[in-house]
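Read off the chains here:
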Amino acid sequence: MPSAPRSPRLAWLVNLFDDPDAQHAHAATALRPLANALGAEVVPMFALDDTVAALADIPETERHAYTRARLIALLGANDLPAGEPVIVQPGAGSSQKERVERLAEAARDLDPLFIAVHTHTYSAIDRFFIGSFSEKFFTRSPSPVLVLNPHAELPTTYSTIALATDFSDSATNAFHALLPIARGLGAHVLVQHQLSVRELPLFMNSPASRKQYDEEIEAERQRAEEQLTPLRVAAEAAGVSVKTDVVVTSASVSPGEGIEERAANQGVDLIAVAAHGDHKRPGNIGSTALWLMRQAQRPVLVFPGVAR
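Cut-offs used in this document
- Residues numbered from 1 in each chain as written.
- Predicted model: local features only at pLDDT ≥ 70, side-chain atom pairs only at ≥ 80, totals over all residues.
- Heavy atoms only, no water.
- Helix = DSSP H or I, 4+ residues; strand = E, 2+ residues; numbered from the N terminus.
- Buried < 20%, exposed > 50% of the residue type's maximum accessible area, 1.4 Å probe, protein only.
- Contact = heavy atoms within 4.5 Å.
- Areas by Shrake-Rupley, 256 points an atom, 1.4 Å probe, with all protein chains shown as cover.
- Pairing = 2+ DSSP bridges.
- Right-handed = clockwise from strand over helix to strand, strands pointing away.
- Axes fitted to C-alpha atoms, helices over the stretch in contact; angles between N-to-C directions.
- Parallel < 35°, antiparallel > 145°, perpendicular 65-115°, else oblique.
- Expected span 1.5 Å × (residues − 1).
- Arc of directions from axis to C-beta.
- Left-handed = near helix turned anticlockwise from the far one by under 90°.
- Nonpolar A, V, L, I, M, F, W, Y, C, P; charged D, E, K, R; others polar.
- Core = buried A, V, L, I, M, F, W, Y, C linked by side-chain atoms within 4.5 Å.

Novice: Sorry if this is basic, but what is going on with the overall build of the protein chain here?
Specialist: Looking only at helices and strands, the protein chain has nine helices and 10 strands in total. By the burial criterion, 49% of the 308 residues in the protein chain qualify as buried. Residue pairs at least 24 apart in sequence account for 81% of intrachain contacts in the protein chain once pairs closer than 6 positions are excluded. By element, 52% of the accessible surface of the protein chain is carried by carbon and sulfur atoms, the whole surface being about 14700 Å².

Below you can see the structure in the form of structure tokens.
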């Protein structure tokens, strides 16, 4: 007799003993509507090692069971559909790298739709992503990472998702990986390409120069529209409502700023973006993804870059 299909899984990288209850509740508020809409379990992930001060008084043989109970209680207290916690034990004296590798290996086995991580404050975000445990995990994650900034507005539903594309392999792969998530959420997807242009210098601002300038921009815009067409066709074939757009902006507006400003104006619930680093060069997340991780006022789903 065939087994019942497995529920989708959303992983949550939990700093169980060090983060306050309010921060756990904030992350749960973001995850709850996603899990409910996707029919998914939330699977907390935690690296158990001998540096956890809160476990100092717990006998070593009981720490795994104690941690598992605390993780299950955390899910229950925040009304999340509970999956079986994933607890890795790298061993006494393990390095941060070893803990990260064990969690990344466990995530590969779990195969979640994405893994949620939580930043702390604006002033701490550089530490979070540059040289911290979570940043190191991100660069090795086999799955997309949902970045939750505590200052971001959390939607009650995820009905509109904005995906930024620069037509790279990483961005195209992110688009195709996003489609089943968007379909499960019943979300409308806005696929946008930002075309940054520099203004003509004053000495070239003659009618003839202006005409040529406008024609060149229009040609670039049309080429980008053509590149967006197969993405629109793929989304429609997958049963995902989609709109594509080429946005012409000043070169002084960074891609991240443009994405966030449009998201605010268009009522976007979730921003999706590809990282442009790879697992051979950990930490090279890409300037646009990094800007959005730090500044976006809504959750950001970051897809791993394509290894080169």
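There is more to say, and it comes next.
Novice: How should I be thinking about the pairing of strand 2 (residues 41-47) in this particular structure?
Specialist: Two faces make up the sheet, and in a regular strand the side chains alternate between them. For strand 2, the buried fraction is high: six of the seven residues fall into the buried class. Bridge count between strand 1 (residues 9-13) and strand 2: five bridges; the pairing is parallel. Looking at the pairing, Leu-13 lines up with Met-45 of strand 2. Running through helix 1 (residues 21-38), the crossover from strand 1 to the neighbouring parallel element strand 2 is right-handed. Sheet topology places strand 2 next to strand 3 (residues 86-88); three bridges connect them, and they run parallel. What sits directly across from Met-45, in strand 3, is Val-86. With helix 2 (residues 63-77) bridging strand 2 and its parallel neighbour strand 3, the resulting β-α-β unit is right-handed.

Novice: Looking at this structure, how should I read the packing of helix 1 against helix 6 (residues 169-185)?
Specialist: If you want to describe how two helices pack, look at the angle between their axes and the distance between the axes. Look at helix 1 against helix 6: their axes get within 8 Å of each other, and the N-to-C directions meet at 85°. Classified by the angle between their axes, helix 1 and helix 6 sit roughly perpendicular to one another. Only Ile-181, Gly-184 and Leu-185 of helix 6 make contact with helix 1, whose side of the interface consists of Leu-34, Ala-37 and Leu-38.

Novice: Got a minute to help me understand helix 3 (residues 96-110) in this structure?
Specialist: Working note: α-helix, 3.6 residues per turn, so residues spaced by three or four point in the same direction. Under the 1.5 Å per step criterion, the end-to-end length of helix 3 is 21 Å for 15 residues, consistent within 8% with the ideal 21 Å. Within the span of helix 3, buried status applies to Arg-99, Val-100, Leu-103, Ala-104, Ala-106, Ala-107 and Leu-110. For helix 3, the arc enclosing every buried residue in end-on projection is 160°, short of the 170-degree limit, so these residues lie on one face. Of the residues in helix 3, the exposed ones pointing more than 90 degrees away from the buried face are Lys-97 and Asp-109. At the C-terminal side of helix 3, Asp-111 shows a positive phi close to 55°.

Novice: Please explain the sheet that holds strand 4 (residues 114-118) as it appears in this structure.
Specialist: Hydrogen bonds between backbone groups are what pair the strands of a sheet, and the pairing can be parallel or antiparallel. Pairing is mixed in the open sheet, where 10 strands are placed in the order 3-2-1-4-5-10-9-6-7-8. Among the strands making up the open sheet, the edge pair consists of strand 3 and strand 8 (242-250). The average undirected angle you get between the axes of adjacent strands in this sheet is 25°. Sheet strands touched by helix 1: strand 1, strand 2, strand 4 and strand 5 (145-148). Its angle to strand 1, the strand with the most contacts, is close to 170°. Along the sheet, helix 3 contacts strand 1, strand 2, strand 3 and strand 4; its crossing angle with strand 2, the most-contacted strand, is approximately 160°.

Novice: Whenever I open this one, the packing of helix 6 against helix 7 (residues 207-237) confuses me. Can you help?
Specialist: Put simply, helix 6 and helix 7 touch, their axes get as near as 10 Å, and they point 20° apart. Viewed along their axes, helix 6 and helix 7 adopt a mutual orientation that is roughly parallel. Note on packing geometry: the crossing formed by helix 6 with helix 7 is right-handed. Residues Phe-175, His-176 and Leu-179 of helix 6 form the contact with helix 7, whose participating residues are Leu-231, Ala-234 and Ala-235. Of the residues in the contact of helix 6 with helix 7, the class split is five nonpolar, one polar and no charged.

Novice: What am I meant to see in the nonpolar core here?
Specialist: Taken as a class, soluble globular proteins show a tendency for nonpolar side chains to be buried jointly. Of all hydrophobic cores here, the largest spans 59 residues; its most connected members are Trp-12 and Leu-146. Aside from chain neighbours lying at most four places away, what touches Trp-12 is His-24, Ala-27, Ala-28, Leu-31, Val-42, Val-43, Pro-44, Met-45, Leu-74, Leu-75, Leu-80 and Ala-116. Formed by 36 residues, the second largest nonpolar core is a distinct cluster that contains Met-45, Leu-110, Ala-164 and Ala-263.

Novice: Would you take a moment to explain helix 7 for this structure?
Specialist: Over its 31 residues, helix 7 runs 45 Å from end to end, which matches the ideal 45 Å to within 8%, given 1.5 Å per residue. For helix 7, the complete set of buried residues consists of Tyr-213, Ile-217, Ala-224, Leu-228, Leu-231 and Ala-235. In this fold, the buried residues of helix 7 make contact with helix 6, strand 7 (188-197) and strand 8. Directly beyond the C-terminal end of helix 7, a positive phi value near 80° is found at Gly-239.

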